[in-house]
Amino acid sequence: MYTILEKQRLSDAIVLMVVQAPHVARNARAGQFVIVIADEQGERIPLTIADHDRQAGTITLVIQEIGKSTKQMGQMAAGDAFHSVAGPLGHPTEIAAYGTVACVAGGVGIAPMYPIARALKEAGNHVISIIGARNQSLLFWEDRMRSVSDELIVCTDDGSYGRKGVVTVPLKELLETRADEIKKVWAIGPTIMMKFVSLTTKPFGVETIVSLNTIMIDGTGMCGGCRVPMIDGARFVCVDGPEFDGHLVDWDGLLSRMQFYRNEEQLAVQRWERLRETPTHECHLDKVVPLRR
Amino acid sequence: MPELSNRERMAIPRHEMPAQAPHERIRNFDEVALGYTWELAREEAERCLQCAKPRCVDGCPVGVLIPQFIRALRMGDMAGAVKTMQEKNNLPAICGRVCPQETQCEANCVLAKKGQAVAIGRLERFVGDFELREHTSRAQPGPPTGRKVAVIGSGPAGLTCAVDLAKLGHKVVIFESLHLPGGVLIYGIPEFRLPKSIIRAELESAVTNLGIEIRTDHVIGNTYTIDELLNEYDAVFMGTGAGLPSFMRIPGVNLNGVMSANEFLTRVNLMKGYRFPEYDTPVKVGRRVAVIGAGNVAMDAARSALRLQHMRSAQDGEPPGEVHIVYRRSRHEVPAREEEFHHAEEEGVIFDFLTNPIAILGNEKGEVCGLRCIRMELGEPDASGRRSPVPIAGSEFEMAMDTVIFALGTSPNPIVFNNAVGLERTRHGTVVADPETGRTLKPGVWAGGDVVTGAATVISAMGAGKRAAADIHRFLSDEKLFNVG
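Residues numbered from 1 in each chain as written. Chains lettered and ligands numbered in written order. Predicted model: local features only at pLDDT ≥ 70, side-chain atom pairs only at ≥ 80, totals over all residues. Heavy atoms only, no water.

1. A short note on the overall build of chain B
A tally of regular secondary structure across chain B gives 18 helices and 16 strands. Since a compact globule built from 485 residues should have a radius of gyration of about 23 Å, the 23 Å found for chain B is in line with a globular shape. Here the C-alpha coordinates of chain B stretch approximately 65 × 60 × 50 Å along the principal axes. In chain B, which comprises 485 residues, the share counted as buried stands at 60%. When the accessible surface of chain B is totalled, it reaches about 19,500 Å², and 52% of it is carbon and sulfur. For chain B, the distance from the average position of its 55 positive side-chain charges to the average position of its 60 negative side-chain charges is 3 Å. (Helix = DSSP H or I, 4+ residues; strand = E, 2+ residues; numbered from the N terminus. Rg over C-alpha atoms; globule rule 2.2 N^0.38 Å. Buried < 20%, exposed > 50% of the residue type's maximum accessible area, 1.4 Å probe, protein only. Areas by Shrake-Rupley, 256 points an atom, 1.4 Å probe, with all protein chains shown as cover. Lys, Arg positive; Asp, Glu negative; His and termini not counted. Charge placed at Lys NZ, Arg CZ, Asp CG, Glu CD.)

2. A word on the packing of aromatic side chains
The final tally for this structure, using the stated rule, is 14 aromatic pairs over all chains. Residues phenylalanine 341 of chain B and phenylalanine 351 of chain B carry aromatic rings whose centres are separated by 4.8 Å and whose planes lie at 55° to one another, so their mutual orientation is tilted. Taken together, the residues phenylalanine 341 of chain B in helix H15 (residues 338–347) and phenylalanine 351 of chain B in strand E9 (residues 350–352) connect sequence positions ten residues apart. The exposure classification of phenylalanine 341 of chain B matches that of phenylalanine 351 of chain B, with both residues buried. Site record: aromatic cluster; members linked through ring pairs are Tyr114, Phe140 and Trp141 of chain A. Its end group placed over the ring of phenylalanine 260 of chain A, lysine 284 of chain B keeps NZ or CZ at 4.7 Å from the ring centre. The ring of phenylalanine 397 of chain B has arginine 375 of chain B lying over it, and the distance from NZ or CZ to the ring centre is 4.0 Å. (Phe/Tyr/Trp six-rings, centres within 6.5 Å; stacked < 30°, edge-to-face > 60°. Lys NZ or Arg CZ within 6 Å of the ring centre and 35° of its normal.)

3. With respect to the interface of chain B and chain A
Each partner contributes to the interface: chain B provides 43 residues, whereas chain A provides 45 residues. Counting the surface lost from both chain B and chain A, the interface buries some 3,700 Å², and carbon and sulfur atoms represent 55% of this. Looking at the side of chain B facing chain A, the largest losses of area belong to Asn254, Asp280 and Lys284 of chain B, adding up to 18% of the total buried there. Taken together, chain B and chain A are joined by three salt bridges. Glutamate 228 of chain B serves as the salt-bridge partner of arginine 26 of chain A, at 3.4 Å between the closest nitrogen and oxygen. Counting across the chain B and chain A interface gives 23 residue pairs in polar contact (both at pLDDT 80 or more). Across the side of chain B that touches chain A, the residue classes tally to 19 nonpolar, 16 polar and eight charged. (Contact = heavy atoms within 4.5 Å. Buried area = accessible area lost by both parts, 1.4 Å probe. Salt bridge = Lys/Arg side-chain N within 4 Å of Asp/Glu carboxyl O. Polar contact = N/O pair within 3.5 Å; in protein donor to acceptor, adjacent residues only side chain to side chain. Nonpolar A, V, L, I, M, F, W, Y, C, P; charged D, E, K, R; others polar.)

4. Overview of the sheet that holds strand E3 (residues 213–215) of chain B
All names here are of chain B. Strand order in the open sheet formed by five strands is E3-E2-E1-E4-E16, with parallel pairing between adjacent strands. The outermost strands of the open sheet, each flanked by one partner alone, are E3 and strand E16 (445–447). The average angle at which neighbouring strand axes cross in this sheet is 20°, direction not considered. Strand direction decides the pairing type here: strand E4 (residues 235–238) and E16, joined by three bridges, are parallel. From the neighbouring strand, phenylalanine 237 faces E16, where its bridge partner is tryptophan 446. Contacting strand E1 (148–152), E4 and E16, helix H17 (residues 458–477) runs over the sheet at an angle of about 170° to E4. (Pairing = 2+ DSSP bridges. Axes fitted to C-alpha atoms, helices over the stretch in contact; angles between N-to-C directions.)

5. Focus on unusual backbone geometry
Glycine 87 of chain A connects to proline 88 of chain A through a cis peptide bond whose omega is 0°. Between glycine 241 of chain A and the following residue, proline 242 of chain A, the backbone shows a cis peptide bond with an omega angle of 10°. The topology assignment puts proline 242 of chain A in the loop between helix H7 (237–240) and strand E16 (243–245). The phi torsion at tryptophan 141 of chain A lies on the positive side, around 60°, for a residue other than glycine. By the element assignment, tryptophan 141 of chain A lies in the loop between strand E9 (126–133) and helix H4 (142–147). Of note in this structure, lysine 272 of chain B is not a glycine but carries a positive phi near 55°.

6. Some words on helix H14 (residues 296–316) of chain B
Compared with an ideal rise of 1.5 Å per residue, which puts 21 residues at 30 Å, H14 of chain B spans 30 Å between its outermost C-alpha atoms and is within 8% of the ideal. Phi turns positive, to about 75°, at glycine 317 of chain B, one or two residues after H14 of chain B. (Expected span 1.5 Å × (residues − 1).)

7. A word on the pairing of strand E12 (residues 182–188) of chain A
Residues and elements named next belong to chain A. When you tally the buried positions in E12, you get six out of seven residues, the bulk of the element. Direction of pairing for strand E8 (residues 100–106) relative to E12: parallel, over a ladder of six bridges. Paired with cysteine 103 across the two strands is tryptophan 186, which belongs to E12. As paired elements, E12 and strand E13 (residues 207–211) share four bridges and run parallel to each other. What sits directly across from alanine 187, in E13, is valine 210.

The following block contains the structure:
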């Protein structure tokens, strides 16, 4: 049973869950992900592992409630269990002593960035982190990020907290003043943010690693649904990634691919919200099947 | 019934299996072939001549004792038929449905010359289905040997290997990467050809009775490496299959609406996308679908697409659309099982033979809007013995399409090879293993099925699982070998 041991709300639409999954925790490393299914009718959702505890046999997931499945997961409580948690999947982040590095994270991307920044810090790097969100209420883990960073810049799009503006603005300033110093940049966040981070660093020739979260089904190299167009051909995010050289990604091709199921996603959300608001019948299922809660 | 003479037996014509009519079945995902009735099965069984040297058995990759089970069936001894079957095959309801009998057992039947081979596959299915209803025989694990075997993958190869080893008394744990066991049976083969309830039931009776443990959600290579398994188990069998899809290297493969048959079929089968939004995984099929390739997977994809189109049409009242199979060779070279081709044709799939795609065309929104193809003609036979297709200069043409599904074969699933030091692979990505024993070049590791051969059939994978189980048993039973290994 993949029981949710702890649930914490990080912002209006972001929840943190500590989940029992000893088989994943035992080999998990920063940068890897799991595939989670909420219930028997559920879809396979890739989620980055935000933290793990080998001893306790747990992993930490940070979920942005954006589609039907993630909204449903957000409604689950401590004591509930997921139908399936498979992993760890994908290649871990290549951690080494690079010198000075920059970790740029936006929105829910702050969660998967945290273990990477921590590992980079532990490897002896000078870690400069830039974290951002649309507004203050969507921002979380500033303290955690600060604890693993030598320098931390916080920004919000609307200026409700920290610097006003998007993450690429302080990143560009940094590169303009300290380009020789910065050896490598990581970016995790919305695809559009990772695109602009890559465009920002390219003129400076600083290697930029992005962590892609595409449409995915099995997550084990069997469907090709997660393929991402690159300048030199397509790659599979599940087995070749999830981290890629941001300067080689065909961003517009990727953004277009990610729109493919947009109508179905909206339909599923609408249906789910309707069913939640106006149950069409009195449910007797709990009389037949014992509730897990 | 009195004993018939051979002449009388040969006078009985081969019995067709009742099936859903084409115009009905394209509106649902229910099973197409409905199985023999008791009367049909008995009559078909009467056709077997009980040859002294039965060649049908040679054609079976797992060596099912065909004349014996057929004889038991026609004597009315169903329990005996089941027992005979289980000596060699624990998944008859599955094999009876998906084996290419016409190129295996039935091809060797003495009656095949007149195109009237005994319908061995249909009889096998009948015996399998009987057992799923009646439970006459419970497989028993052998006396415990104290040895432990890890089997990677719960598809046909892994399941067969696990069952045989458990019967011999070894403790078997199967590691499955997906959330449901069954491998290609569950993610690849559609409900209308092999119902999930059959897989579940046949798997349960085989696995539960034998005390085999299945751990789902375990992605070997990552969750555990093969070396980690070897620390804990006395032998490892890899039945990880071939699932990594191939795409053609032509312009437009990253357009929206282009997918692999594996993605399409996984959405439909494993994730039940045809019941979206009741099930969460969507599956999209356009009004004009091109499936590239003509193997069994292509037939499955085309027929699934056709059903989705007709189900949509029933809702929105619009015409369902078209499904094409685009194949660069001719009808004669179609690699799919005869029955699948026949069913696809009956259901209205359009076949474009001697046609090869050269580009997928897209609109300004990045969606597929067409397929540019070139006509082919057959030239000299190639290495496979088939006449190789050659493009006809100047014959390019375009077809309007909004969905393109590639069913061009697959290569071995890559993750299991993570950190697998000493496991030699060919340039096609398959594992090097002895075809007779399944032994790989890594001590303690056996492999069989598609991971060794590349994409092949369910039954050939089962045969490989069986041979590997026998060799693993030899290894585990031989103190000298075992202690060195």
